[in-house]
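Remarks on the overall topology
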Amino acid sequence: MVIIGLIVSAIVPNITRDSIADVLEEKTRLFQQRFYLASEYALLNNIELGLYVEENTYQFLGFDGVRWVPVPDVEGFSSEVFDEPFFISLELDDLPVDEQMMLDNSAYEEYADEQGIDDEESEDEPVYPQIYILSGGDITPFKLTLGYDDDFDTPVMYEVTGLYTIPLEVEGPIYDEIR
């Protein structure tokens with residue numbers, strides 16, 4: 001019984017780890033494909049797009065000339081939510097990103113004044129993407145980490161890095177053995 005118990009305890013975590021890594025790899029490849037779609041869409045339609053990451057969610061936004069809004073009628077740009085214990089984190093220039101980037105929003109304030117929009121009454125607070133996907137093909141350098149950590153298994157992660165233009169570099173699976 002002891003031998004069987006040791007064999008099972010050695011096999012079961014590896015099966016679980018591999019299946020989690022496979023799911024995470026699929027989520028990473030989906031992100032990579034959606035980012036390529038956004039880059040091509042920005043180039044072909046001559047518009048500026050951005051990636052907004054917040055609380056285990058990412059979403060592609062388009063700039064309508066005044067503010068950043070969700071891109072209508074493009075299924076691949078809808079919001080993607082990661083349920084715990086999956087997680088995502090974003091780094092720009094090796095620094096963690098704050099919840100809201102500090103940008104000049106004077107154009108929006110001017111527009112809101114002209115249109116009679118009262119920001120205090122409006123439920124939609126302006127959002128600003130952390131990663132810009134420009135119509136000329138340039139992107140903001142970034143590293144996005146997609147991971148899984150349930151406090152029981154060894155955490156596993158994939159890192160997606162973009163350096164000024166596509167293609168994106170994907171590294172993983174990375175197992176965090178140190179706790």
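Just so it is clear, the structure is predicted and the values come from calculations on it, not from any experiment. (Residues numbered from 1 in each chain as written. Predicted model: local features only at pLDDT ≥ 70, side-chain atom pairs only at ≥ 80, totals over all residues. Heavy atoms only, no water.)

On to the pattern of salt bridges. Throughout the structure, instances matching the rule amount to two salt bridges. A salt bridge links Arg29 to Glu25; the nearest nitrogen and oxygen atoms lie 4.0 Å apart. With Arg29 and Glu25 both in helix H1 (residues 2–45) and four residues apart, the pair spans about one turn of that helix. Looking at Arg29, the relative accessible area reads 34%, which means it is partly exposed. Among the residues examined, Glu25 registers a relative accessible area of 31% and is labelled partly exposed. Across the salt bridge formed by Glu80 and Arg34, the nearest N and O atoms sit 3.3 Å from each other. (Salt bridge = Lys/Arg side-chain N within 4 Å of Asp/Glu carboxyl O. Helix = DSSP H or I, 4+ residues; strand = E, 2+ residues; numbered from the N terminus. Buried < 20%, exposed > 50% of the residue type's maximum accessible area, 1.4 Å probe, protein only.)

So, on to unusual backbone geometry. Most peptide bonds take the trans form, and the phi angle of most residues other than glycine is negative. Of the consecutive residues Glu84 and Pro85, the connecting peptide bond is found in the cis state with omega at 15°. One non-glycine residue, Asn56, adopts positive backbone phi at about 60°. Summarising the element assignment, Asn56 is placed in the loop between strand S1 (49–54) and strand S2 (57–63).

With 31 residues, the main nonpolar core has Phe31, Phe35, Leu51, Tyr58, Phe60, Ile133 and Phe142 as its most contacted residues. For this core, the elements supplying multiple residues, two or more each, are H1, S1, S2, strand S5 (86–92), strand S7 (131–133), strand S8 (142–148) and strand S9 (156–163). No other element matches the seven residues that H1 contributes to this core. (Core = buried A, V, L, I, M, F, W, Y, C linked by side-chain atoms within 4.5 Å.)

Take Ile20: it is sitting in helix H1. For Ile20, a relative accessible area of 10% corresponds to the buried category. For the pair Ile20 and Phe86, spaced 66 residues apart in sequence, the C-alpha to C-alpha distance is 9.6 Å. Beyond its immediate stretch of four places on either side in the chain, Ile20 contacts Tyr148, Asp153 and Val156. (Contact = heavy atoms within 4.5 Å.)

As for its position among the elements, Asp151 is in the loop between S8 and S9. Asp151 gets classed as exposed once you look at its relative accessible area, which sits at 60%. Residues Asp151 and Pro85, spaced 66 residues apart in sequence, show a C-alpha to C-alpha distance of 8.6 Å.

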